[in-house]
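Remarks on the overall topology
One letter stands for each residue in the lines below.
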Amino acid sequence: MSGLDWAPRFPPLLPTAVAADGEAAARLVAEAWAGVAQGRRFALDDAPEGVVVVRVLDGGAVPWVDGCVPLGTCPLAPALLLPTARQPRAPLALLVQALRAPVGEDGVLVLLPGPSLRCLTLAAPWPLVQP
Amino acid sequence: MTADARAQLRAALDDATAGLIGRNALCELILLSAVAGEHVLVVGPPGTGKSEAVRQVAGALGGRTFEYLLGRFTEPAELFGPVDLRKLRDGVLEVDTTGMLPEADFAFLDELFLGSTAILNTLLGVLNEGHYRRGRTDVQVPLRVCVAACNHLPEDVALAALADRFLVRVFVDALPDSRLEELLGVAGVARAPVETAGRLAALDVLRGAARGVDLSEAQGPLAEAVRSLRAEGVPLSDRRLVRSQRLVQAAAALAGRTVATRADIWPLLCVAPTLLAQERARKVLPALVKHADNALLDHAVAEVSDGPEALAGRLVAESRALTADGRPGEVARLKGWLRDVDVAFGPEDRPKDLDDARTAMVARLETLS
């Protein structure tokens, strides 16, 4: 799939999840566990391509580590997680339709900015529960 | 000379807002109003830091402050001073204003609209004319700014004249959940005494400079903005519009300009009289005030213009106060700041000064972790 043009989004979306890959993914998971130890409620998605997505379940702030991408949803596409600060230069409804076609109606899609299009499908998240 | 004065006021604002969470814009608008010679009405529920913000600004500028919580049975003497009974026996009506509102540089009147007609009429005279007169007492009032507070705007038409004297309207609410850790972190932390010498004089220098600011370049954009606001249903009387020019002059003076430009019309939003009007104005104004620029009043500009440049400026300003302040919870505050930056700006879109500040904050966090 070819790349997608992105533009800054202002005001940003309300962050409800955060994604990270590589070394940042490990730090993000650790940060989420640290939050759980303090009573926060998160769910973890082990997405394809080594990406980890942490979703906020208690309405509080998203965890932060250097290199993470805060994600949010916009009313036009509630089942699509987008970077809070960037928006694709494409009609969102058409984009969602195109991205949904191969994966069906189930699950949440994550669209990450980058030189090539990165659209990941999230299945069932695992709630993080304090051992 | 005005550069020195602005530096003094910058230091005063830094002192006033140290440990005051989420009220930077209010402090800046009080300062703007003091420079403009206008007054501020703060509307919001009790316990939202209204009086603390006024106290902090007044304390940081070094002026005499008069603060009073008005009630239905408050007597005029409680604000303006008692009648001198010895002189009254000789048939002379004179008021002893020592330490009372007529001698104050800054005034904070909580629950203003609960005051009696006698109090409100006298106050109207003080705010309109800058004089307090009663019997043989005729005092020129040194008041730089009067800040009034109420929980709701008055609906009584009889109070409208007084409410209208308060050109700047600020609506405050409880802090958002995301800032509760900061609020709890500063609770009970003692403030260091501040050195205020020369700051009141600096304020007066800027007041003089503001009166001399050339408005000719800003009047076109200002009229354009008002037309847009009125088209959007934002009520803005001719009187408030004309007086708003003093705020524009003050904004220019505080930005170091002798000629007001499009970058200085942002205070217009604060002149919109109701919360609804300000919310409507917020939708219209960003396009018109996107050039808003005022390094000294960056929080107020960010609240008004709400544009990415203004937000970046506010974040950079916040970063300066974040590091090495010795307060507990620095790691949480640094992470909160970095989260705010990353939520609002992708790596490709960050202005350079914000990117530099972010790099410094990440490095600072690494040393603490």
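Refer to the structure above for everything that follows.
I will try to describe carefully the structure that is included in this document. Computed from a predicted structure; not experimentally measured.

1. Regarding the pairing of strand 5 (residues 137-140) of chain B
On a regular strand, one side chain projects to one face of the sheet and the next to the other, so that they alternate. Residue and element names in this part refer to chain B. Every second residue of strand 5 is oriented toward a common face, the buried set being Thr137 and Val139 and the non-buried set Asp138 and Gln140. Alignment of strand 4 (residues 131-134) against strand 5, held across 4 bridges, turns out to be antiparallel. Bridging across to strand 5, tyrosine 132 finds its partner in valine 139. Linking strand 4 back to strand 5 in an antiparallel pair, the connection comprises 2 residues, with glycine 135 at a positive phi of about 55°.

2. Comments concerning the nonpolar core
Buried together is how nonpolar side chains tend to be arranged in soluble globular proteins. Residue and element names in this part refer to chain B. With 71 residues, the main nonpolar core has Leu9, Leu32, Leu203, Trp266 and Leu297 as its most contacted residues. A per-element tally of this core places helix 2 (residues 24-36) first, with 9 residues. Split by domain, the residues of this core number at least three in each of domain 1 (2-186) and domain 2 (214-294).

3. Some remarks on the packing of helix 2 of chain B against helix 9 (residues 199-211) of chain B
Residues and elements named next belong to chain B. Where helix 2 contacts helix 9, the two axes come as close as 8 Å, and the packing angle between them is 65°. For the pair helix 2 and helix 9, the contacting residues are Leu31, Ala34 and Val35 in the first and Leu203, Leu206, Arg207 and Ala210 in the second. Here the residues of the contact of helix 2 with helix 9 are counted per class, giving 6 nonpolar, no polar and 1 charged.

4. As for helix 11 (residues 238-254) of chain B
Residues and elements named next belong to chain B. In this model, helix 11 (17 residues) spans 25 Å end to end at C-alpha, consistent with the 24 Å of a helix rising 1.5 Å per residue. Extensive coverage of helix 11 is indicated by the burial of 12 of its 17 residues. Along helix 11, the residues that are buried comprise Arg240, Arg243, Ser244, Gln245, Leu247, Val248, Gln249, Ala250, Ala251, Ala252, Ala253 and Leu254. Backbone geometry just after helix 11 places glycine 256 at a positive phi near 85°.

5. Some remarks on the packing of helix 1 (residues 2-17) of chain B against helix 2 of chain B
Residues and elements named next belong to chain B. Close contact between helix 1 and helix 2 brings their axes to 10 Å; oriented N to C, the two are set at 140°. When you trace helix 1 past helix 2, the crossing you get is right-handed. Taken together, the residues of helix 2 that come into contact with helix 1 (itself represented by Leu9, Leu13 and Thr17) are Asn24, Cys27, Glu28, Leu31 and Val35. Class assignment of the residues belonging to the contact of helix 1 with helix 2 gives a composition of 5 nonpolar, 2 polar and 1 charged.

6. Quick look at the pattern of salt bridges
For the coordinates displayed, the defined rule picks out 31 salt bridges over all chains. A:Asp66 is the salt-bridge partner of B:Arg358, the closest N and O atoms lying 2.8 Å from each other. Linking B:Arg358 in helix 17 (residues 352-368) with A:Asp66 in the loop between strand 4 (51-56) and strand 5 (69-74), this pair reaches from one chain into another. Judged by relative accessible area, which is 9%, B:Arg358 ranks as buried. For A:Asp66, a relative accessible area of 28% puts it in the partly exposed group.

7. What to know about helix 9 of chain B
All names here are of chain B. Between its first and last C-alpha atoms helix 9 spans 19 Å; for 13 residues at 1.5 Å apiece the expected length is 18 Å, and the two agree. Among the residues of helix 9, Arg199, Leu200, Ala202, Leu203, Leu206, Arg207 and Ala210 are the ones counted as buried. Along helix 9, the residues classed as buried sweep out an arc of 155° about the axis, all on the same side. On its buried face, helix 9 is in contact with helix 1, helix 2, helix 3 (50-61), strand 3 (106-110) and helix 11.

8. Details of the sheet that holds strand 9 (residues 118-122) of chain A
Residues and elements named next belong to chain A. Read from one edge of the open sheet, 8 strands run 9-8-6-5-2-4-3-10, paired in mixed fashion. Each edge of the sheet is formed by a strand with only one pairing partner; in this case those strands are strand 9 and strand 10 (126-127). Here strand 3 (residues 42-46) pairs with strand 10 via 2 bridges, running antiparallel. Each bridged residue has a counterpart across the sheet, and for leucine 44 the counterpart in strand 10 is tryptophan 126. Sheet strands touched by helix 1 (residues 22-37): strand 2 (17-21), strand 3 and strand 4. Its angle to strand 2, the strand with the most contacts, is close to 140°.

Conventions and cut-offs
Residues numbered from 1 in each chain as written. Chains lettered and ligands numbered in written order. Predicted model: local features only at pLDDT ≥ 70, side-chain atom pairs only at ≥ 80, totals over all residues. Heavy atoms only, no water. Buried < 20%, exposed > 50% of the residue type's maximum accessible area, 1.4 Å probe, protein only. Helix = DSSP H or I, 4+ residues; strand = E, 2+ residues; numbered from the N terminus. Pairing = 2+ DSSP bridges. Core = buried A, V, L, I, M, F, W, Y, C linked by side-chain atoms within 4.5 Å. Domains from an automatic or database assignment. Axes fitted to C-alpha atoms, helices over the stretch in contact; angles between N-to-C directions. Contact = heavy atoms within 4.5 Å. Nonpolar A, V, L, I, M, F, W, Y, C, P; charged D, E, K, R; others polar. Expected span 1.5 Å × (residues − 1). Left-handed = near helix turned anticlockwise from the far one by under 90°. Salt bridge = Lys/Arg side-chain N within 4 Å of Asp/Glu carboxyl O. Arc of directions from axis to C-beta.

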